[in-house]
2 protein chains.
Amino acid sequence: MSKTKTVKDQMGRVVEQPATSAPVVVLVRPQLGQNIGAACRCMLNFGLTELRLVSPRDGWPNPDADSMAAGALPVLQNAQVFDSVEAAVSDLTYVLSATARRRELEVPVIGTDVVGPQMRTYEAAGKRTGILFGPEKAGLTNADVVLTDAILTYPVNPAFQSLNLAQAVNIFAYIWASSADQLIPDLFDGSRSEVAPREDLTRLMEHLETELDAAGFFFPAAKKPLMAQNIRAPLTRAKMSAQEIRTFRGMIKALVKGRGEALLKIRRARGEDV
Amino acid sequence: MSKTKTVKDQMGRVVEQPATSAPVVVLVRPQLGQNIGAACRCMLNFGLTELRLVSPRDGWPNPDADSMAAGALPVLQNAQVFDSVEAAVSDLTYVLSATARRRELEVPVIGTDVVGPQMRTYEAAGKRTGILFGPEKAGLTNADVVLTDAILTYPVNPAFQSLNLAQAVNIFAYIWASSADQLIPDLFDGSRSEVAPREDLTRLMEHLETELDAAGFFFPAAKKPLMAQNIRAPLTRAKMSAQEIRTFRGMIKALVKGRGEALLKIRRARGEDV
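Given the structure is predicted, the values throughout are model-derived calculations rather than measurements. (Residues numbered from 1 in each chain as written. Chains lettered and ligands numbered in written order. Predicted model: local features only at pLDDT ≥ 70, side-chain atom pairs only at ≥ 80, totals over all residues. Heavy atoms only, no water.)

1. Some details on the domain arrangement of chain A
All names here are of chain A. Domain annotation of chain A identifies domain 1 (7-178) and domain 2 (193-269). Facing the 19 residues of domain 1 at the interface are 13 residues of domain 2. Contact between domain 1 and domain 2 buries roughly 1,400 Å² in total, counting both sides, with carbon and sulfur atoms accounting for 49%. For the pair domain 1 and domain 2, the interface holds four salt bridges. Note that Lys239 and Asp149 form a salt bridge whose closest N and O atoms lie 2.8 Å from each other. Where the side of domain 1 that touches domain 2 is concerned, the elements lending two or more residues are β6 (94-98) and α6 (142-145). (Domains from an automatic or database assignment. Contact = heavy atoms within 4.5 Å. Buried area = accessible area lost by both parts, 1.4 Å probe. Salt bridge = Lys/Arg side-chain N within 4 Å of Asp/Glu carboxyl O. Helix = DSSP H or I, 4+ residues; strand = E, 2+ residues; numbered from the N terminus.)

Here it is, written out as C-alpha cells:
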C-alpha cells in the first residue's frame, strides 16, 4: 500500500520518496556532522535508509559527516533537510520521540519490547513511521515530543544516562531489525478508519492555535508554549481520522464565527452600528 | 556468590577484581584507541563496568581512548590488559563471541532474544560471564571463537554488515540491560556439578595439545590450527565440571604412559635393551 511520491525538501530539491516501509530517522537540530555520519552507518547496518534532518546546526551538506558514514554514504547523500519537525514528519502516521528525560507531558511511553512489532504493524498496513532524536547537548524539547505518538526510552544506567547520538540511533535500528516479522494482530481492528497523515493533524493544530491567538487565549504570552503543548499532546494521542480532523476544523470555524455572531448581537443590543 | 579477588594483569599490576556480576567486555586485539574509549561509554550507559583488552595494537594506556570515553573514563582507567584470550577469560564460566561472520566451527549460535536471560542466569548463580569482540578490520579468528561457549550474531543488513566496534559493544550492552530480572529457570538443574572455571579448561587443552604435538598428531604442521579448533570446540561445548576435567587429564596421562609402555613391550619383544 505504500506508494512512491515526490516531496520537496528545505533546499527546494524535489526528492523521490523511497518506496521503503522502514522507519524514517529524524535528527532534530543535530550539532556535529560526525554524529550525523555515524548515525547513517548505524542505520544501514540494520536496514534503515531514510534520514531526515531538521535544521542541522552547521548547515547542509556537512563534509564532517562523510568519513563517519563509511559505506553508508548513500544514506547520507539522500538525507532530506527540513526547517521544522512538523514538515519532517508530515507524511508519517506513527512517530516516536527517543528521549531518556522524564517529562511532565501527557505522551505515552512505549516499551522497547513492543516498539518493533508496533512499528512493523503500521508498516505492514502501508503506514509510514518515524522516530525523532534530539540535539546532542539538550535532547528533544517538550514542543518536539508533544508532536509524537509515544516516547521511547532505553533501559540506561541511571548514573550515566547520556547516550551519544549515533549510539541512540544504533539501538533503535537494532530493535527494529530484531522485530522482523513480528506484528501486533489487532492494532488495526477494521472497525476504525485510517489515522490521517500527520500533515492533516499539523494543520488542525495550526488552525486551532491561530484562532486561539486571535481570541487572546494564550495569556500571558510566556505561557503559550506550555498551553500549546497541553493541546497538542491529547490531539496527537487521539489518532484522528481525516474525517475527524475535518470535523474538528469545522468545529473551530463554527466557534470562531459564533463568537463573531455573538459579538454582533451584543453590539446590536447596545444600539451600536454594526 | 560472586567474590572479590585480586588478579595480575599483563603489566604486572595487581588489580582488585570488581564484585560486579555483570558481563566482562573483552576487546581482542583492538586497533583504534578512539573505539576503545567509545566502547567504554557504551558499556557504562548500560551498566557494564569491566573492560579487558587483549594485546591492544597501539599499546596501553592509549591517550586516543580518553576523550571518546567521556564520562566513562573510570571504566577505561580500570581496564585490564592481557596477552592472550585464554588469560583474559580464565576466571569466567560462560563466554560468548560477537561475530557476524559465518564459521565452519562447531560452536553453537545463541539468539539475541535469549542471550540476556542466559547470562543473567549464570550471573545469578555467582558465575562470571563475558563476551569477546574482535579487532576492527578482521574480527575474531576461529582460534578465538573456539574458546567460547557460543556465537552471538546481530540481525545485520546482509548488504552492509560491518558494525563499528563501539556500536557492536553498544548493542550487546543494551541487550544485557534489557534483560534485567529475566532468568532461565532450568539452566542449572541441580543434578549437574558446577562448570569448571575456564582456566581449568584452558589447561586441559594445553595439556592435550602438548601431548598430541609430542605424538606427532598435528601433521602437516600447517593444519595444526584447524585440527586444534576441532578439538577445542567440542571440549568447550561440553561445559565440563572440575572433576570431569581432572578425569580427562588423567586419561591423557594414562594414554601417554600407555604409549610408552606399549613401546617398551614392542622393544622387549624384539630383544632390544630397554
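2. Describing the environment of B:Glu211
Residues and elements named next belong to chain B. Mapped onto the elements of the fold, Glu211 is located in helix α8 (residues 198-214). Residue Glu211 is classed as partly exposed on the basis of its relative accessible area of 23%. On a C-alpha basis, the gap between Glu211 and Asn157 in space is 44 Å, while along the polypeptide they are 54 residues apart. (Buried < 20%, exposed > 50% of the residue type's maximum accessible area, 1.4 Å probe, protein only.)

3. Brief notes about the relation of the copies chain B and chain A
Rotating chain B by 180 degrees and translating it 0.1 Å along the rotation axis places it on chain A, where the RMSD comes to 0.2 Å. Such values leave the two copies arranged in the relation of a two-fold axis. Here 100% of the interface residues in chain B have copies in chain A that are interface residues too; the copies meet face to matching face. (Least-squares fit on C-alpha atoms with pLDDT ≥ 70 in both.)

4. Examining the environment of A:Leu51
Residue and element names in this part refer to chain A. Mapped onto the fold, Leu51 is located in strand β4 (residues 51-54). Taking the C-alpha atoms as reference points, Leu51 and Ala39, twelve residues apart in sequence, are found 9.1 Å from one another. Apart from the residues lying within four places of it in its own chain, the contact partners of Leu51 are Val25, Leu27, Ile36, Cys40, Met43, Val75, Asn78, Ala79 and Gln80.

5. Some words on the interface of chain B and chain A
With 26 residues of chain B in contact, the opposing surface of chain A contributes 26 residues. With both sides pooled, the region where chain B packs onto chain A buries about 2,200 Å², and carbon together with sulfur makes up 58% of that total. Put simply, chain B and chain A have zero salt bridges between them. Applying the counting criterion to the chain B and chain A interface returns 14 residue pairs in polar contact (both at pLDDT 80 or more). Within the residue set of the side of chain B that touches chain A, elements represented by two or more residues are α1 (33-45) and α7 (165-178) of chain B. Per-element accounting of the side of chain B that touches chain A gives the leading share, eight residues, to α7(B). Each residue belonging to the side of chain B that touches chain A can be placed in one class, and the counts come to 14 nonpolar, eleven polar and one charged. (Polar contact = N/O pair within 3.5 Å; in protein donor to acceptor, adjacent residues only side chain to side chain. Nonpolar A, V, L, I, M, F, W, Y, C, P; charged D, E, K, R; others polar.)

6. Side note on the nonpolar core
Formed by 90 residues in total, the largest nonpolar core has its most connected members in A:Phe133, A:Tyr154, B:Phe133 and B:Tyr154. Contact partners of B:Tyr154, with chain neighbours within four places excluded, come to A:Phe46, A:Tyr174, B:Thr112, B:Phe133, B:Leu163, B:Ala168, B:Ile171, B:Phe172 and B:Ile175. Formed by 32 residues, the second largest nonpolar core is a distinct cluster that contains B:Val28, B:Val89, B:Ile151 and B:Ala233. (Core = buried A, V, L, I, M, F, W, Y, C linked by side-chain atoms within 4.5 Å.)

7. Remarks on α1(B)
Residue and element names in this part refer to chain B. In a regular helix each residue adds 1.5 Å, so 13 residues correspond to 18 Å; α1 covers 19 Å between its end C-alpha atoms and thus fits that length. Here α1 lies mainly inside the structure; twelve of its 13 residues are buried. At the exit of α1 stands Gly47, carrying a positive phi of roughly 85 degrees. (Expected span 1.5 Å × (residues − 1).)

8. Some details on the packing of helix α7 (residues 165-178) of chain A against α7(B)
It is at 10 Å that the axes of α7(A) and α7(B) come closest, and there the two elements cross at 60 degrees. The angle between α7(A) and α7(B) places the two elements in the oblique class. As α7(A) runs across α7(B), the sense of the crossing is right-handed. Two secondary-structure elements touch here, α7(A) through A:Ala166, A:Gln167, A:Asn170, A:Ile171, A:Tyr174 and A:Ile175 and α7(B) through B:Ala166, B:Gln167, B:Asn170, B:Ile171, B:Tyr174 and B:Ile175. The residue inventory of the contact of α7(A) with α7(B), partitioned by class, reads eight nonpolar, four polar and no charged. (Axes fitted to C-alpha atoms, helices over the stretch in contact; angles between N-to-C directions. Parallel < 35°, antiparallel > 145°, perpendicular 65-115°, else oblique. Left-handed = near helix turned anticlockwise from the far one by under 90°.)

9. Let's talk about the pairing of strand β4 (residues 51-54) of chain B
Residues and elements named next belong to chain B. Going residue by residue along β4, you find Leu51 and Leu53 tucked away on one face and Arg52 and Val54 tucked away on the opposite face as well. Here strand β3 (residues 24-28) pairs with β4 via four bridges, running parallel. For Leu27, the partnering residue across the bridge sits in β4 and is Leu53. Of the crossover connections in this fold, the one passing from β3 over α1 to the parallel β4 is right-handed. (Pairing = 2+ DSSP bridges. Right-handed = clockwise from strand over helix to strand, strands pointing away.)

10. A few points about the side chain of A:Thr129
Residue and element names in this part refer to chain A. For Thr129, the position within the fold is in strand β8 (residues 129-133). Thr129 gets classed as buried once you look at its relative accessible area, which sits at 0%. For Thr129, the contacting residues outside a window of four places in its chain are Ala22, Pro23, Val24, Leu92, Tyr94, Met119, Tyr122 and Glu123.

11. Some words on the pattern of salt bridges
All names here are of chain A. Inspection of the entire model under this criterion finds 24 salt bridges over all chains. Across the salt bridge formed by Asp58 and Arg57, the nearest N and O atoms sit 3.0 Å from each other. For Asp58, a relative accessible area of 43% corresponds to the partly exposed category. Three or more residues are tied together by salt bridges with common partners; here these are Glu50, Arg52, Asp91 and Arg128.

12. Let's talk about the state of the cysteines
Residue and element names in this part refer to chain B. Counted according to the given criterion, the structure contains zero disulfides over all chains. Its sulfur unpaired, Cys40 is 9.1 Å from the next cysteine sulfur, which belongs to Cys42. In this structure Cys40 comes out as buried when scored by relative accessible area, which is 0%. Residue Cys42 is classed as buried on the basis of its relative accessible area, which comes to 0%. (Disulfide = S-S within 2.5 Å.)

13. Here's the deal with the packing of aromatic side chains
Inspection of every chain in the model, using the stated rule, returns eleven aromatic pairs over all chains. Pairing A:Phe46 with A:Tyr174 gives two aromatic rings, centres 5.9 Å apart and planes at 80 degrees, and the pair type is edge-to-face. Taken together, the residues A:Phe46 in the loop between α1 (33-45) and β4 and A:Tyr174 in helix α7 connect sequence positions 128 residues apart. Accessibility expressed as a relative area gives 5% for A:Tyr174, which makes it buried. Between B:Phe217 and B:Phe218, the aromatic rings sit 5.0 Å apart at their centres with planes inclined by 80 degrees, giving edge-to-face as the arrangement. The class for B:Phe217 is partly exposed, based on a relative accessible area of 37%. Chaining the aromatic ring pairs together yields one cluster made of A:Phe46, A:Tyr154, A:Tyr174, B:Phe46, B:Tyr154 and B:Tyr174. Over the ring of A:Trp176 we find A:Arg120, and its NZ or CZ is 3.8 Å from the ring centre. (Phe/Tyr/Trp six-rings, centres within 6.5 Å; stacked < 30°, edge-to-face > 60°. Lys NZ or Arg CZ within 6 Å of the ring centre and 35° of its normal.)

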